[in-house]
Every structure is written in structure tokens, then in C-alpha cells.
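Architecture and fold: a report
If you want the building blocks of each chain, they are given just below.
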Amino acid sequence: MSRRRQIYEGKAKILYEGPEPGTIIQYFKDDATAFNAEKRGTINGKGVINNRISEHVFLRLAHIGIPTHFIRRLNMREQLVRQVEIIPLEVVVRNIAAGSIAKRFGIEEGEQLPHTIIEYYLKSDELGDPLISEEHIACFNWATHEEMQDMAAMAIRVNDFMCGMFAAIDIKLVDFKLEFGRIFDGDFSRVILADEISPDNCRLWDFNTGEKLDKDRFRRDLGGEEEAYQEVAKRLGLLQDDENGPGEVVDMSAHRSRLRPSTPAKPNPAKPKK
Ligand code: TMP
Ligand code: ASP
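Residues numbered from 1 in each chain as written. Chains lettered and ligands numbered in written order. Predicted model: local features only at pLDDT ≥ 70, side-chain atom pairs only at ≥ 80, totals over all residues. Heavy atoms only, no water.

**Thoughts on the site of ligand 1**
- Taken together, 16 residues surround ligand 1, and among them Arg94, Ser100, Asp175, Lys177 and Arg203 come closest.
- Side-chain polar atom of Ser100 to an oxygen atom of ligand 1: 2.6 Å apart, as the coordinates give it.
- A distance of 2.6 Å is found between an oxygen atom of ligand 1 and a side-chain nitrogen or oxygen belonging to Asp175.
- In isolation ligand 1 exposes 440 Å². Once the protein is present, 80% of that is buried.
- Elements represented by at least two residues in the shell around ligand 1 include exactly β9 (89–96), α2 (99–105), β12 (171–185) and β14 (202–206). (Near = heavy atom within 4 Å. Polar contact = N/O pair within 3.5 Å; in protein donor to acceptor, adjacent residues only side chain to side chain. Areas by Shrake-Rupley, 256 points an atom, 1.4 Å probe, with all protein chains shown as cover. Helix = DSSP H or I, 4+ residues; strand = E, 2+ residues; numbered from the N terminus.)

**Some details on the site of ligand 2**
- Taken together, Lys11, Thr33, Ala34, Phe35, Asn36, Ala37, Asp125, Lys215 and Arg219 make up the full set of residues near ligand 2.
- Between an oxygen atom of ligand 2 and a main-chain N or O atom of Ala34, the distance comes to 3.3 Å.
- One nitrogen or oxygen atom from the main chain of Ala37 is found 3.0 Å from an oxygen atom belonging to ligand 2.
- Relative to its unbound accessible area of 270 Å², ligand 2 is 78% covered by the protein chains.

**Let's talk about the sheet that holds strand β2 (residues 13–17)**
- The 5 strands are arranged β1-β2-β3-β7-β6 in an open sheet whose pairing can be described as antiparallel. Two strands bound the open sheet, and with one partner strand each, they are β1 (6–9) and β6 (70–73). On average, adjacent strands in this sheet sit at an angle of 25° to one another, irrespective of strand direction.
- Direction of pairing for β6 relative to strand β7 (residues 78–82): antiparallel, over a ladder of 3 bridges. From the neighbouring strand, Arg72 faces β7, where its bridge partner is Leu80.
- Contacting β3 (23–28), β6 and β7, helix α1 (residues 46–63) runs over the sheet at an angle of about 130° to β6. (Pairing = 2+ DSSP bridges. Axes fitted to C-alpha atoms, helices over the stretch in contact; angles between N-to-C directions. Contact = heavy atoms within 4.5 Å.)

**Some words on helix α4 (residues 145–167)**
- Compared with an ideal rise of 1.5 Å per residue, which puts 23 residues at 33 Å, α4 spans 33 Å between its outermost C-alpha atoms and is within 8% of the ideal.
- Of the residues making up α4, those classed as buried are Glu147, Met148, Met151, Met154, Ala155, Val158, Asn159, Met162, Met165 and Phe166. (Expected span 1.5 Å × (residues − 1). Buried < 20%, exposed > 50% of the residue type's maximum accessible area, 1.4 Å probe, protein only.)

**Re the pattern of salt bridges**
- Evaluated as defined, the whole model comprises 27 salt bridges.
- Ionic pairing is found between Arg94 and Glu119, a salt bridge with its closest N-O pair at 2.9 Å. Residue Arg94 is found in strand β9, and its partner Glu119 is found in strand β10 (residues 112–122); the two are separated by 25 residues along the sequence.
- Residue Arg94 is classed as buried on the basis of its relative accessible area of 3%.
- Salt-bridge contacts for Asp216 lead to Arg203; the nearest nitrogen and oxygen are separated by 2.6 Å. Pair noted here: Asp216 is in helix α5 (residues 216–219) and Arg203 is in strand β14, with a separation of 13 residues, a long-range link.
- By sharing partners, the salt bridges in this structure join Arg94, Arg104, Glu109, Glu119, Asp175, Arg203, Asp216, Arg219 and Arg220 into a single network. (Salt bridge = Lys/Arg side-chain N within 4 Å of Asp/Glu carboxyl O.)

**Some details on the packing of aromatic side chains**
- Under the criterion given, the structure shown has 1 aromatic pair.
- Ring centres of Phe140 and Trp142 lie 5.1 Å apart, and the angle between their planes is 40°; on these two criteria the pair is classed as tilted.
- Between the NZ or CZ atom of Lys39 and the centre of the ring of Phe218, over which it lies, the distance is 4.9 Å.
- Over the face of the ring belonging to Phe105 we find Arg104, whose NZ or CZ atom lies 5.7 Å from the ring centre. (Phe/Tyr/Trp six-rings, centres within 6.5 Å; stacked < 30°, edge-to-face > 60°. Lys NZ or Arg CZ within 6 Å of the ring centre and 35° of its normal.)

**Thoughts on the layout of surface pockets**
- What the second largest pocket holds in volume is close to 160 Å³.
- What lines the second largest pocket is Pro67, Thr144, Glu146, Glu147, Asp150, Met154, Ser189, Arg190 and Val191.
- Contributing elements (two or more residues each) for the lining of the second largest pocket: α4 and β13 (188–194).
- For the lining of the second largest pocket, the element with the most residues is α4, which contributes 4 residues.
- Here the lining of the second largest pocket is composed, by residue class, of 3 nonpolar, 2 polar and 4 charged. (1 Å grid on protein atoms, 1.4 Å probe; cavity = no way out; pocket = protein on both sides within 12 Å on 5 of 7 lines; lining within 4 Å. Points joined across faces, edges and corners; volume = space filled by probe spheres on them. Nonpolar A, V, L, I, M, F, W, Y, C, P; charged D, E, K, R; others polar.)

Shown next, in the form of C-alpha cells:
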């Protein structure tokens, strides 16, 4: 088998060239970092769970009309996505004060914000991902006004959808981070949702106990990261428990291939050969 070309290694994922032009394979690692990679560690099985959770969320967002880079999951740790030009911003949506906003303004963690807030951070570890304004984004041409409007509108829709999705499984969506990318069609470009949505980039608190079910367990040395990520996957119906252990990630592609007839696939005449 030919070796795939690695395009980029990030903190939690590796990107490989995809099988078709304009596609990328996202490999989810177990590596965890915090504080702009000052703190490093591993959360066992995180890559498998985040791959599955992110697939679940992106598929559902696509169903409500949010354009995303997700094409399909390939295996336990990899998914095929559209290649995008990443916009160098971290778009953070906050419903409840926690983390940096609580610290910055001296608000107690857990306080409901009077309304949902969208913040922008520059994606730069060297600069410590500084908080930026729309003025900065326009001034330095990180994104156009139209792209900012599209990102903000999508972020609000993602928030509304995910608040409901998590409320249904007794989880409060405190805040989360999104990344967007451009895809090009001739002279035109369009912004779509990229990266991943998982307990790595969401704050998720148990509705009843307030227990943290996200990466804050790692950031704050609380322990129990693996169990917390598993709990989110389990409540979303993505992890099957059995009496032998903590559970197994439900791999629907394995079920599908078992059901698939054994006749070889016919070429699709509608699809031009590359
Ligand atoms: P913050 O309170 O530390 O600014 O984080 C806000 C949200 O963004 C939280 O859900 C965690 C997520 N996040 C990332 O995904 N990557 C980051 O680098 C940071 C700082 C936060
Ligand atoms: N993206 C952060 C890091 O640099 C991690 C985080 O706090 O989520 O390491």
C-alpha cells in the first residue's frame, strides 16, 4: 500500500492528503494540550471518541443546512473531509460564564450570561490566541465582512442546535469553539464549518451535578478525562456498554459493511473517471 502524504500535524490531529483532489483525511490523536501547548498529555481513546462525536454532530448540523467540511468517517480514528483554506480565527460562543471570560471580567463561573456572546480569537499559539475584535479582523484582512456575517450566523445556529441536542441528554452547553474554512469555486469562495466539535472544544456540564464532561478535566488536573469523554459519547448513543468493560464505540460503518451484498461495486457511469 502506498504511504499517504502527511500535510500537517496539529496538536490533536494529523492531516493527510485525501484520495481525491480537494479532500483530506483527518486522523484524531489521543494527544491533549492546553494553554497554547505549554501543557501536554494523553487522554487514552480520545481520538476514537472525538472522531465519532464530531461525525455525529457534523452530520446533524448538515441536516439543518449548516455547510461543513465533513464527508464521511473512514475508520475509528479517521474521517474524510473537504480541503479548505482555514480562516485563522477561533470563533467562541458562550452561554454561561466559564474559563477565560470569567477570569477576564471577574465573573463567577457558572453564571448565565444575559445573552449569548460570540468572541473571536486569533489562531496563533505564539501570540497566545489573543482576543480580537471585528475591527481587527477587517483591518488585517483575516476575513471579509460578509464572511464574518456568515460565520456569526452559523455559530448562532450551531449553538441553538447543540444546546437542544445536549439538553436532551442532561448536559449544559456552556461554551464552545468553532473554526471555519473557505472553499473555492472559480472566482467565488464560500465559508463552511471545519475542524471538529468534541469535548476538546466544548464545555459540557452535567445538568444535575455540574460535573465537567470535557477537556477542563485535563486543563485543571481534575482526572477522569477518559471516563468523561466516554460519558458524553454514551449519552449521545455512540458508545455501547457491556459487562466486560467501559464500552465500545459504535462503529456504524462496520455494521453497514456486514449488511452490504458481497457483489463487487459497479462503476458509476454518472461519475467521470479521474
Ligand atoms: P476559554 O474560556 O479558555 O476562552 O475557552 C472557551 C471555549 O473554547 C472552551 O469551550 C474551550 C474552547 N477552546 C478551544 O477549543 N481551544 C482553545 O485553544 C481555547 C483557549 C479554548
Ligand atoms: N488549543 C489549546 C492549546 O493550545 C488547548 C485548549 O485549551 O483547548 O493547547
